[in-house]
Amino acid sequence: MSNEFVNQAPLIPLQSIELPDELGLKKEQGKVRDVFIVGEDIILLGATDRLSAFDRQVGLVPNRGQILTELSAWWFEKTKDIIPNHMLEVIDPNVMAVKKCERIGLEMIVRAHLTGSTSTSNWKRYQDGIRQFGLVTLPDGMKKNEILPYIIVDPTTKAAVGHDENMSQEEIINSGIVSSSEYDRLVGISRALFARGRRIADEAGLILVDTKYEFGRDLETNELVLIDEVHTPDSSRYWKKDTYDERLRNGQEQDIYDKEFVRLWLVYQGYKGEGPSPVIPDDIVTEARARYIYTYEQLTRSKFAPALGDRKQEIAANIRSWLANKHGR
Ligand SMILES: Nc1ncnc2c1ncn2[C@@H]1O[C@H](COP(=O)(O)OP(=O)(O)OP(=O)(O)O)[C@@H](O)[C@H]1O
Ligand SMILES: [Mg+2]
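Residues numbered from 1 in each chain as written. Chains lettered and ligands numbered in written order. Predicted model: local features only at pLDDT ≥ 70, side-chain atom pairs only at ≥ 80, totals over all residues. Heavy atoms only, no water.

Enquirer: I'd like a rundown of the side chain of threonine 79, residues and numbers included.
Expert: Checked against the element boundaries, threonine 79 lands in helix α2 (residues 64–79). Overall, the relative accessible area of 0% leaves threonine 79 in the buried class. (Helix = DSSP H or I, 4+ residues; strand = E, 2+ residues; numbered from the N terminus. Buried < 20%, exposed > 50% of the residue type's maximum accessible area, 1.4 Å probe, protein only.)

Enquirer: So, the packing of aromatic side chains: which residues are in play, and what are the values?
Expert: Under the defined criterion, the tally for this structure stands at 7 aromatic pairs. Each ring, one from phenylalanine 54 and one from tyrosine 271, has its centre 5.6 Å from the other, and the planes form 90°; the classification is edge-to-face. Placement of phenylalanine 54 in the loop between β4 (50–53) and β5 (56–60) and of tyrosine 271 in the loop between α7 (260–268) and α8 (282–300) is noted, with a sequence separation of 217 residues between them. An identical accessibility class is assigned to phenylalanine 54 and tyrosine 271; each is buried. The side chain of arginine 131 reaches across the aromatic face of tyrosine 126, ending 3.8 Å from its centre. The cationic tip of arginine 291 hangs over the ring face of tyrosine 257; the distance from NZ or CZ to the ring centre is 4.8 Å. (Phe/Tyr/Trp six-rings, centres within 6.5 Å; stacked < 30°, edge-to-face > 60°. Lys NZ or Arg CZ within 6 Å of the ring centre and 35° of its normal.)

Enquirer: Kindly report on the sheet that holds strand β6 (residues 87–92), identifying the contributing residues and their values.
Expert: Taken together, the 5 strands give an open sheet; going across it, the order is β1-β2-β3-β7-β6, and neighbouring strands pair in antiparallel fashion. Both edges of this open sheet fall to β1 (26–29) and β6, since each of them pairs with a single strand only. Geometrically, the sheet is characterised by an average inter-axis angle of 25° between neighbouring strands, direction not taken into account. Looking at chain direction, strand β3 (residues 42–47) and strand β7 (residues 95–99) are connected through 5 bridges and run antiparallel. (Pairing = 2+ DSSP bridges. Axes fitted to C-alpha atoms, helices over the stretch in contact; angles between N-to-C directions.)

Enquirer: Give me the side chain of arginine 111: which residues, what numbers.
Expert: You can see arginine 111 is positioned in strand β8 (residues 101–113). Owing to a relative accessible area of 5%, arginine 111 belongs among the buried residues under this scheme. Among the polar contacts listed, one links the side chain of arginine 111 to the side chain of aspartate 154, at a separation of 3.3 Å. (Polar contact = N/O pair within 3.5 Å; in protein donor to acceptor, adjacent residues only side chain to side chain.)

Enquirer: Describe the pairing of β5, listing the residues and the values that go with them.
Expert: In terms of strand pairing, β4 meets β5 through 4 bridges, oriented antiparallel. Bridging across to β5, alanine 53 finds its partner in arginine 56. The hairpin turn running from β4 into β5, its antiparallel successor, is 2 residues long, and phenylalanine 54 in that turn takes a positive phi close to 50°.

Enquirer: Let's hear about the pattern of salt bridges: which residues, and what values?
Expert: Summed over the entire model, instances satisfying the criterion amount to 30 salt bridges. Note that lysine 303 is salt-bridged to glutamate 297, the shortest N-O span being 3.6 Å. Residue classification places lysine 303 among the exposed residues on the basis of a relative accessible area of 69%. For glutamate 297, a relative accessible area of 24% translates into the label partly exposed. (Salt bridge = Lys/Arg side-chain N within 4 Å of Asp/Glu carboxyl O.)

The values reported here are purely geometric and, on their own, carry no functional implication.
Right, dumping it as structure tokens:
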């Protein structure tokens, strides 16, 4: 059997992370992550291969969870001089131990281009006639995917249930989610993170089009902390840089290296986020996986090494030994 054939062994996606009861960790399930609570101050973020779009799970892409975990870890290192982050340790290719923080109920969305396909995207809102985005007013006649005259910071409330909502600065401060000085700091930090991300992506032949940051407060010091994930192809849009101009000129879609690749496929099937989503065919899953890997490899300049073997077993084993060492320390 040739090596090529071996490499084509079926990839089994990680649907969920199950831990034996005896480990005694409470589980909370997000759309993508299985979160395990370790005492008062630590949580384990286990990224599965579940892919969410339109606020629901729409499919599974093998190795996605590992890529999200490892890329986040990479970006946390690259941005820790701008703001402290929650990362303690990657304890398994799919699992990061993080400092538990008081979550700030905002998603800080930062955008450099007019794009998107969901109702909260600036392109859809622009098409609906909206011109005011935060403090920025856009001119008429802009095309999809065009670069914006200014970087827009567009905070959205992180809804406990249902769709997230756009909010003005005044509404956010009046709602008491953050103080006005904290708001200003979050905007400043988001801009600095985004500038760093754009530069590094550019050097890797990619455009960081937009992204979302989540912040928390350190439970001991109350300091602001970058939490969740950062600059992953789930929380961000990436396009290929060298084909950008030509595609924009020709009115073509961009060459997409993030979750939007699958989201757009759903949109092309006529799906708008209502009811059950169409089943994503194998060739789209394969291509999505290849694109996630491409993004990882371009950015980190290293070969992606998929974790092989029985992931469910290994994750449980890695968590078990991490817990044992932690208590031994
Ligand atoms: N350091 C942290 N402290 C507390 N909560 C965190 C921290 N980092 C991430 N989280 C939360 O953990 C969850 C991660 O799960 P996941 O990414 O699957 O959620 P999601 O699909 O984005 O959104 P939802 O929270 O609506 O399920 C998110 O709710 C995120 O806000
Ligand atoms: Mg998330």
